[in-house]
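Listed here are the chains, written in short residue letters.
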Amino acid sequence: MNRRRMAWLLGCGLVALSGCATPPRPAEGVNENGPWSGRLALQIKDQASQSFAAMFELRGTAESGELTLSGPLGGTLAVLAWAPGSATLRSNGQTRSFPSVEALVTQATGAALPVAALFDWLRGRNTMVPGWRADLSQLAQGRISAVRHDPQPEADLRVALDR
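Residues numbered from 1 in each chain as written. Predicted model: local features only at pLDDT ≥ 70, side-chain atom pairs only at ≥ 80, totals over all residues. Heavy atoms only, no water.

### Details of the overall build of the protein chain
No. 1: From N to C terminus, the protein chain includes 3 helices and 9 strands.
No. 2: Written out in order from the N terminus, the α and β elements of the protein chain read α-β-β-β-β-β-β-α-α-β-β-β.
No. 3: Scored against the burial criterion, the 163 residues of the protein chain give a buried share of 50%.
No. 4: Nonlocal contacts in the protein chain, meaning residues at least 24 apart in sequence, comprise 47% of its contacts between residues at least 6 apart.
No. 5: Split by element, the accessible area of the protein chain, about 7,700 Å² in all, is 51% carbon and sulfur. (Helix = DSSP H or I, 4+ residues; strand = E, 2+ residues; numbered from the N terminus. Buried < 20%, exposed > 50% of the residue type's maximum accessible area, 1.4 Å probe, protein only. Contact = heavy atoms within 4.5 Å. Areas by Shrake-Rupley, 256 points an atom, 1.4 Å probe, with all protein chains shown as cover.)

Here it is, written out as structure tokens:
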């Protein structure tokens, strides 16, 4: 699988990690481990801007979880799975392994994304990450966005959650 295709698939997955969740529920009904589902988009702004969009389902935590990315007709594009010390990408009948979800994301998108903070954002916790600005003001409407200004290239994450 070429780097651009893998970047697209993983970029979609990371966007999902960065804000793909269902709208917040009352505190007593919050499921800390999802599942979350919806649509996500990631744009990496550089000389050859890259954009990713997909439907997703996310389960688990930043430490151990699974992200399924689907196309507009519902066909599975890729499955990202991670646990302590490993991360895998299954796509097109092939599996690639990485030592961590961070390595998987960095390889796939060409940029580091704050995976642990993304799970917090899904849970409505505005965890601060150097270089990133998350906007959770629309979470009640099922929308999350986050922008990375540093390090370059700039990245823009958008998530629309299923109701």
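What follows continues from the structure just given.
### Structural notes on the confidence of the model for the protein chain
No. 1: Taken as a whole, the protein chain shows an average pLDDT of 78; of its residues, 74% reach a score of 70 or greater.
No. 2: At the level of individual helices and strands, the protein chain shows its lowest average pLDDT in helix H1 (residues 3-19), which scores 46, and its highest in strand E7 (residues 132-135), which scores 95.
No. 3: Segment residues 12-31 is flagged for pLDDT under 50; beyond a separation of four residues in sequence, or across chains, it makes 73 contacts in the model. (pLDDT = per-residue confidence, 0-100.)

### Re the sheet that holds E7
No. 1: Pairing in this open sheet of 9 strands is antiparallel, and the strands run E6-E5-E4-E3-E2-E1-E9-E8-E7 from one edge to the other. Pairing within the sheet leaves two strands with one partner each, and these edge strands are strand E6 (94-98) and E7. Going from strand to strand, the sheet's axes swing by 20° on average, the running direction of each strand aside.
No. 2: Strand direction decides the pairing type here: strand E2 (residues 50-60) and strand E3 (residues 65-70), joined by 6 bridges, are antiparallel. Looking at E3, one finds that methionine 55 is bridged to serine 70. (Pairing = 2+ DSSP bridges. Axes fitted to C-alpha atoms, helices over the stretch in contact; angles between N-to-C directions.)

### Describing the pattern of salt bridges
No. 1: Within the structure shown, the criterion is met by 5 salt bridges.
No. 2: A salt bridge links arginine 59 to glutamate 57; its shortest N-O distance comes to 2.6 Å.
No. 3: Given a relative accessible area of 43%, arginine 59 falls into the partly exposed group.
No. 4: Residue class for glutamate 57 comes out partly exposed when judged on its relative accessible area of 33%. (Salt bridge = Lys/Arg side-chain N within 4 Å of Asp/Glu carboxyl O.)

### Things to note about the environment of leucine 80
No. 1: With respect to the element layout, leucine 80 can be found in strand E4 (residues 76-83).
No. 2: In this structure leucine 80 comes out as buried when scored by relative accessible area, which is 2%.
No. 3: Separated by 11 residues in sequence, leucine 80 and serine 91 place their C-alpha atoms 8.9 Å apart.

### Concerning the nonpolar core
No. 1: Among the nonpolar cores identified, the biggest contains 39 residues, and Phe56, Leu58, Leu80, Trp82, Trp121 and Trp132 are the most heavily contacted of them.
No. 2: Looking at this core, the element that brings in the most residues is helix H3 (residues 115-122), giving 6 residues. (Core = buried A, V, L, I, M, F, W, Y, C linked by side-chain atoms within 4.5 Å.)

### Details of the packing of aromatic side chains
Two numbers describe a pair of aromatic rings. These are the distance of the centres and the angle of the planes.
No. 1: Within the structure shown, the criterion is met by 3 aromatic pairs.
No. 2: With centroids separated by 5.6 Å and ring planes inclined at 65°, the aromatic side chains of tryptophan 36 and phenylalanine 119 adopt a geometry described as edge-to-face. Of this pair, tryptophan 36 sits in strand E1 (residues 36-45) while phenylalanine 119 is found in helix H3, placing the two residues 83 residues apart along the sequence. Summarising the burial analysis for this pair, tryptophan 36 and phenylalanine 119 share the class buried. (Phe/Tyr/Trp six-rings, centres within 6.5 Å; stacked < 30°, edge-to-face > 60°.)

### Focus on the environment of arginine 125
No. 1: Here arginine 125 lies in the loop between H3 and E7.
No. 2: On the accessibility criterion, arginine 125 (37% relative accessible area) is partly exposed.
No. 3: Taking the C-alpha atoms as reference points, arginine 125 and leucine 136, separated by 11 residues in sequence, lie 8.3 Å from one another.

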